[in-house]
Amino acid sequence: MKSKILIVEDQFIEANNLRKVLEGAGYAVCPVARSFDEALNTLNSDLPDLVLLDIFLKGEKTGIDLAPIIKERNIPFIYLSANSDERTFRLAKQTSPYGFLVKPFREKDVLAMLDIATNLHAEHLSLAKVSKVYKSPTDLKGAGTGNFGMAGKSSGLKDITRLIQIAATAESPVLILGESGTGKELVARAIHNHSARSKKPVIIVDCAAVSPTLIESELFGHERGSFTGAVDKRIGKFEQAENGTIFLDEIGEMPLEIQSKLLRVLQEKEICPVGGKRKNVNVRIIAATNRNLEEEIAAGRFRLDLYYRLYVFPIELSPLRERKADIMPIAEHYLSVFAAANKKNITGFSDPVKKVLLGYPWPGNIRQLINLIERSVLLCDGHIINQVNLPVLKPSPVAGNAKERGIKTFADNERDHILDTLARCNWKVYGTGGAAELLNINSSTLKSRMIKLGISKQFG
Ligand SMILES: Nc1ncnc2c1ncn2[C@@H]1O[C@H](COP(=O)(O)OP(=O)(O)OP(=O)(O)O)[C@@H](O)[C@H]1O
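Remember, it's a predicted structure, so these values are computed and weren't measured experimentally.

**Here we look at the sheet that holds strand S1 (residues 4–8)**
Right, on to step 1. Read across the open sheet, the five strands follow the order S2-S1-S3-S4-S5; overall the sheet is parallel. Across the chains shown, the open sheet's two edge strands, defined by having one partner strand only, are strand S2 (28–29) and strand S5 (99–102).
Right, on to step 2. Relative to S5, strand S4 (residues 77–81) runs parallel, the two sharing four bridges. Along S5, the bridge assignment pairs Leu80 with Leu101.

**Describing the nonpolar core**
Right, on to step 1. In this structure, Phe238 and Leu248 are the most contacted members of the largest nonpolar core, which totals 57 residues.
Right, on to step 2. Mapped onto the domain boundaries, this core takes at least three residues apiece from domain 1 (4–129) and domain 2 (170–318).
Right, on to step 3. For Phe238, the contacting residues outside a window of four places in its chain are Leu219, Phe220, Ile246, Leu262, Val265, Ile271, Val283 and Ile285.

**Let's talk about the layout of surface pockets**
The probe, sized like a water molecule, is rolled over the atoms to show the empty space still left.
Right, on to step 1. When its volume is computed, the largest pocket comes out at roughly 1,100 Å³.
Right, on to step 2. Lining the largest pocket are 38 residues, and of these Pro363, Gly364, Gln368, Glu414 and His417 sit closest to its centre.
Right, on to step 3. Secondary structure elements with two or more residues in the lining of the largest pocket: helix H15 (365–379), helix H16 (410–424), helix H17 (435–439) and helix H18 (443–452).
Right, on to step 4. Top element by residues in the lining of the largest pocket is H16. It accounts for 10 residues.
Right, on to step 5. Looking at the lining of the largest pocket residue by residue, the class counts come to 14 nonpolar, 13 polar and 11 charged.
Right, on to step 6. Residues from two domains meet in the lining of the largest pocket; each of domain 2 (170–318) and domain 3 (410–459) gives at least three.

**With respect to empty space enclosed by the protein**
Right, on to step 1. One pass over the structure, following the stated rule, counts two cavities of 30 Å³ or more.
Right, on to step 2. Estimates place the volume of the largest cavity at around 50 Å³.
Right, on to step 3. Lining of the largest cavity is provided by Glu171, Ser172, Pro173, Val265, Leu266, Lys269, Val283, Arg284 and Ile285.
Right, on to step 4. If you list the elements that add at least two residues to the lining of the largest cavity, you get helix H10 (256–268) and strand S11 (284–289).
Right, on to step 5. Classifying every residue of the lining of the largest cavity gives five nonpolar, one polar and three charged.
Right, on to step 6. When its volume is computed, the second largest cavity comes out at roughly 30 Å³.
Right, on to step 7. Lining the second largest cavity are Phe220, Gly221, His222, Glu223, Lys233, Arg234, Ile235, Glu239, Pro273 and Lys279.
Right, on to step 8. Here the residues of the lining of the second largest cavity are counted per class, giving three nonpolar, two polar and five charged.

**Remarks on the packing of helix H2 (residues 36–45) against helix H3 (residues 63–72)**
Right, on to step 1. Closest axis-to-axis distance for the H2/H3 pair is 10 Å, and the angle between their directions is 10°. With respect to each other, H2 and H3 are oriented roughly parallel. Of H3, the residues touching H2 (which contributes Phe36, Ala39, Leu40 and Leu43) are Asp65, Leu66, Ile69 and Ile70.
Right, on to step 2. Within the contact of H2 with H3, the residues separate by chemical class into seven nonpolar, no polar and one charged.

**Thoughts on the environment of Ser155**
Right, on to step 1. Mapped onto the elements of the fold, Ser155 is located in helix H6 (residues 155–169).
Right, on to step 2. Put simply, Ser155 and Ala325 are 170 residues apart on the chain and 8.5 Å apart in space, counted from C-alpha to C-alpha.

**Comments concerning the site of the ligand**
Right, on to step 1. The ligand sits among 18 residues. The nearest are Ala151, Ser180, Gly181, Lys184 and Tyr334.
Right, on to step 2. In this structure, Gly181 approaches the ligand through a main-chain N or O atom, which is 2.9 Å from an oxygen atom.
Right, on to step 3. Side-chain polar atom of Lys184 to an oxygen atom of the ligand: 2.7 Å apart, as the coordinates give it.
Right, on to step 4. Mapped by element, the contributors of at least two residues to the shell around the ligand are helix H7 (184–193) and H15.

**So, the pairing of strand S8 (residues 245–249)**
Right, on to step 1. Burial runs high along S8: five of the five residues are buried.
Right, on to step 2. Taking every second residue as pointing to the same face, both faces of S8 are buried, with Thr245, Phe247 and Asp249 on one and Ile246 and Leu248 on the other.
Right, on to step 3. In this structure, strand S7 (residues 202–206) lies alongside S8, joined through five bridges in parallel fashion. Each bridged residue has a counterpart across the sheet, and for Val205 the counterpart in S8 is Leu248.

Thresholds applied
Residues numbered from 1 in each chain as written. Predicted model: local features only at pLDDT ≥ 70, side-chain atom pairs only at ≥ 80, totals over all residues. Heavy atoms only, no water. Pairing = 2+ DSSP bridges. Helix = DSSP H or I, 4+ residues; strand = E, 2+ residues; numbered from the N terminus. Core = buried A, V, L, I, M, F, W, Y, C linked by side-chain atoms within 4.5 Å. Buried < 20%, exposed > 50% of the residue type's maximum accessible area, 1.4 Å probe, protein only. Domains from an automatic or database assignment. Contact = heavy atoms within 4.5 Å. 1 Å grid on protein atoms, 1.4 Å probe; cavity = no way out; pocket = protein on both sides within 12 Å on 5 of 7 lines; lining within 4 Å. Points joined across faces, edges and corners; volume = space filled by probe spheres on them. Nonpolar A, V, L, I, M, F, W, Y, C, P; charged D, E, K, R; others polar. Axes fitted to C-alpha atoms, helices over the stretch in contact; angles between N-to-C directions. Parallel < 35°, antiparallel > 145°, perpendicular 65-115°, else oblique. Near = heavy atom within 4 Å. Polar contact = N/O pair within 3.5 Å; in protein donor to acceptor, adjacent residues only side chain to side chain.

Keep in mind that these numbers describe shape and distance, not what the molecule does.
This is how it looks when you write it as structure tokens:
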């Protein structure tokens, strides 16, 4: 028996259409509530399993006012919204909805969203009941199984593995958020590898690495002669990913014009190669970014409607400094990997080194930790790692505001470090002897950090 849904919506026609869709799919539907008060009455008398909640209602109070009451009763809810402004959207997001449906809705999006929310809610309930579901991190060596190759024992990581499991069973777009090096690509691959599409390709596109003039043809392909230099026909990444998954990394860097084309792929499931004809594609989209997309929307650099479409199933990865419980399991995992690869018998870390690892803020997140472990294994002569070389960060004084104390933020530190490295290699970013090589990061990652931190040559 399917769940009972409460629709809170002041527009009669929209509410009625939704009701028909839901009833047609076998859901029971409570009488439609058009205002905050009507919704409250229903919540008090006829407990629904899920609420579809419009943001603007009849009367003064909004759906955002109602959200905490619904949440208190442990009922999942999904916002129904037209294109709201950034502030409204941010306020709505803070109430932890299970998703957003953007008007006008398509029937299949509504039903997919309901399935996702129902599954997510069931998962949250079972997470709350079952205190120890996960294997210990030591079971991870050789990895892959229950934890998707992710070492760690923080509660955040447990939530992430749950979300991966759910996302793998669904078809909806996924948006992975997190700083550079937090594991976004790993999560995207895990979702694909455990999905029904796993036998088909997963195609990775780093939107920051493709020049804005070429990205359209890179994604959608082009016909021969469609522009100067198009000497041959090219099959785009979407077509290459047919029946599989496309991972759009650094989607925050995507030019606005291409964002609207991507929106069409999400809505219509069709692409249009440059100079060619429209064609249908069957590709699951997973996107990731280390940017704050809400800021990008506010600055007019990212489309709100695209954000809504992608925000169906968000997965947010915390920076490593906020999940300290993962530091040692990850360090130990890579210690055994690199020790085996280098045929060294290194069994662990000294206590002072553990202290250093746990106390460091890891601006480069897991990638920085892995690089450090690799270097330390190579340099280690004994059976224990008793020394690590980390960039020294200034100790933080106890009182006063950071600026007054002359303390640099992470961003300031990172900017200075990148500028320093660029100056040393004469502003060469790519290739041998370039800054990316010296910093031991992907050149595309460096490029996106430079954009984010506002670094361009005039700063040198
Ligand atoms: N929990 C984990 N356990 C072990 N390894 C991990 C874990 N999370 C991430 N990694 C590893 O950390 C490295 C960085 O991860 P990944 O490339 O997925 O990060 P990212 O967020 O996509 O980075 P960027 O934004 O710079 O592209 C990879 O080698 C990945 O395999």
